[in-house]
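Residue-level structure breakdown
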Amino acid sequence: MCTIESSKVLIPGLESYGLKNLSKHLQVGLDNHHRAMDDTLATVKIFEHIYNLDKNKLEAFIKKDVNPKELHPKLDLNYFDDIPNKIGIYKLYNDKKELIYVGKSIHLKKRIEQHLKNTQTNKAIEMRSQIARIEYELTGSEIVALLRESELIKQHQSKYNKAQRNVNFNFGLYQYEDQNGYKNLVVKKRTSTEEPIFTFKSINSAKENLEKWKVEFNLCQKLCYLFTSNSACFDYSIQQCKGACIGEENSEMYNIKVDALLKKLQFDLKSFLILDKGKRKNEVSFVVIENGKYIGYGNILKFLLLKDSNNYKKQFKKQTNNRDFQSIISSQLKNNPKLEIIEL
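Residues numbered from 1 in each chain as written. Predicted model: local features only at pLDDT ≥ 70, side-chain atom pairs only at ≥ 80, totals over all residues. Heavy atoms only, no water.

1. Examining the sheet that holds strand β4 (residues 171-177)
- Pairing is antiparallel in the open sheet, where three strands are placed in the order β5-β4-β6. Two strands in the sheet have a free side with no partner beyond their single neighbour: β5 (183-189) and β6 (198-200). Direction aside, the axes of adjacent strands within the sheet are offset by 30 degrees on average.
- The pairing of β4 with β6 spans three bridges and is classified as antiparallel. Bridging from a neighbouring strand, Phe171 pairs with Phe200 of β6. (Pairing = 2+ DSSP bridges. Helix = DSSP H or I, 4+ residues; strand = E, 2+ residues; numbered from the N terminus. Axes fitted to C-alpha atoms, helices over the stretch in contact; angles between N-to-C directions.)

2. A look at the state of the cysteines
- The full count for this structure, using the stated rule, is zero disulfides.
- Looking at the unpaired Cys220, the closest cysteine sulfur is the one in Cys245, lying at 3.7 Å.
- For Cys220, a relative accessible area of 1% puts it in the buried group.
- Looking at the unpaired Cys241, the closest cysteine sulfur is the one in Cys233, lying at 3.7 Å.
- Note on Cys241: relative accessible area 7%, which makes it buried. (Disulfide = S-S within 2.5 Å. Buried < 20%, exposed > 50% of the residue type's maximum accessible area, 1.4 Å probe, protein only.)

3. Describing the pattern of salt bridges
- All chains considered together, the criterion is met by 19 salt bridges.
- The salt bridge partner of Glu113 is Lys117, with a shortest N-O separation of 3.2 Å. Within this pair, Glu113 and its partner Lys117 are both found in helix α6 (residues 108-117), separated by four residues, close to a single helical turn.
- For Glu113, a relative accessible area of 27% gives the class partly exposed.
- For Lys117, a relative accessible area of 35% translates into the label partly exposed.
- Through salt bridges that share partners, Lys91, Arg133, Glu135, Glu137, Arg148, Glu151 and Lys317 make up one connected network. (Salt bridge = Lys/Arg side-chain N within 4 Å of Asp/Glu carboxyl O.)

4. A short note on the packing of helix α8 (residues 142-156) against helix α14 (residues 323-335)
- Between α8 and α14, the shortest axis-to-axis distance is 10 Å and the interhelical angle comes to 160 degrees. If you check the angle between α8 and α14, you find them roughly antiparallel. In the packing of α8 onto α14, the handedness of the crossing is right-handed. Counting all contacts with α8, which are made through Glu142, Ile143, Leu146, Leu147, Ser150, Glu151 and Lys154, the residues of α14 involved are Asp324, Phe325, Ile328, Ile329 and Gln332. (Parallel < 35°, antiparallel > 145°, perpendicular 65-115°, else oblique. Left-handed = near helix turned anticlockwise from the far one by under 90°. Contact = heavy atoms within 4.5 Å.)

5. Quick word on the sheet that holds strand β8 (residues 283-290)
- Strand order across the open sheet formed by five strands is β10-β9-β8-β7-β11, with antiparallel pairing between neighbours. Among the strands making up the open sheet, the edge pair consists of β10 (316-318) and β11 (340-343). Between one strand axis and the next, the sheet turns by 25 degrees as a mean value, whatever way the strands run.
- Of the strand pairs in this sheet, strand β7 (residues 272-277) and β8 are connected by six bridges, and their pairing is antiparallel. Considered in β8, the bridge of Asp276 is made with Ser285.
- Most of the contacts of α8 go to β8, to which it runs at about 60 degrees, and overall it touches β7, β8, β9 (293-301) and β10.
- Packed on one face of the sheet, α14 meets β7, β8, β9 and β11 and runs near 60 degrees to β9.

6. With respect to the layout of surface pockets
- By volume, the largest pocket amounts to about 1,200 Å³.
- Along the wall of the largest pocket there are 47 residues; nearest its centre are Phe169, Asp324, Ser327, Ile328 and Ser331.
- Counting only elements with at least two residues in the lining of the largest pocket, the list comes to β2 (99-105), α8, α9 (159-162), β6, α10 (203-216), α14 and β11.
- Sort the elements by how many residues they give to the lining of the largest pocket and α14 lands first, with nine residues.
- Each residue belonging to the lining of the largest pocket can be placed in one class, and the counts come to 15 nonpolar, 17 polar and 15 charged. (1 Å grid on protein atoms, 1.4 Å probe; cavity = no way out; pocket = protein on both sides within 12 Å on 5 of 7 lines; lining within 4 Å. Points joined across faces, edges and corners; volume = space filled by probe spheres on them. Nonpolar A, V, L, I, M, F, W, Y, C, P; charged D, E, K, R; others polar.)

7. Some points on unusual backbone geometry
- A positive phi is found at Gln157, a non-glycine position, where the angle reads about 50 degrees.
- For Gln157, the position within the fold is in the loop between α8 and α9.
- Here the phi dihedral of Leu269 falls at roughly 60 degrees; this positive angle occurs in a residue that is not glycine.
- Residue placement: Leu269 occurs in the loop between α12 (251-264) and β7.
- The partly exposed category is assigned to Leu269, whose relative accessible area is 44%.

8. Structural notes on α10
- An ideal rise of 1.5 Å per residue puts 20 Å on 14 residues; α10 measures up with 20 Å between its terminal C-alpha atoms.
- Contacts made by the buried residues of α10 are with β4, β5, β6, α11 (234-237), α12 and α14.
- Asn218 sits one or two residues past α10 and shows a positive phi near 55 degrees. (Expected span 1.5 Å × (residues − 1).)

So this is what it looks like as structure tokens:
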């Protein structure tokens, strides 16, 4: 039970409910704050004070906090108590055994508990009332958790995942060749009739990335649909565009730069493993990229991989590549410096 939340109920009005302030208010000794044993002993004494303040009020708080009446009667809270606070994915089912939501978290138990307490929106309350069973899978790795989450959402089209805009990659980068032979790039909402080159969760993210790639590969603002004009783009006026927008830069030379960007978005067509933490201490998780395409993930004993990098072939789960997986992997490679790369 959280001493902070219970203290707010039984000792209202404090400016702060941190351990140091609660200890001072209740006159509990805390000589060496942030030392594990001293903090633990102080927390025990604080709980004893809280318990003795108003046992009935505390009991009502515990029931509301741990076992809310709004939960589905078939939901086994004893199972919930056993869920570890580790990284992985979780699946929420209704009483018809239908998967209604898939999520990932670096703190599984804490995240699931948030669902069970969520009363912020009508949709959250509705979903909470339908949760009759919880399942989880430990991954040890955030990148594997993200890939597994995306895989399950696509496979099951779970009811409440569909309603979440930030889970789905709803925007894509598309390419077409204009009448003058120049390869144009455009960001727009995804459709079922066109396959995007790359995908994004928001239009802002898509435009920010395209702007960055435009600079990196010296592409034309206008041909990336980042500037509207009947003549030259703004970058041309400040000598940052070679004039593809007005035909000064040869289409063949310009298209080579576009192709270089597209190659980058496919990991330069290389084959490699991405390593991260495993489910257990002596394991590593891995993601497999083959000729620029994602083909699967798995867990393996670290010494087996160090002995021969090809040992991963016996330990991985094959996947069908798609643009969303590519986007997840690219984002993780960019933002997670702890990931290791082994070239194949």
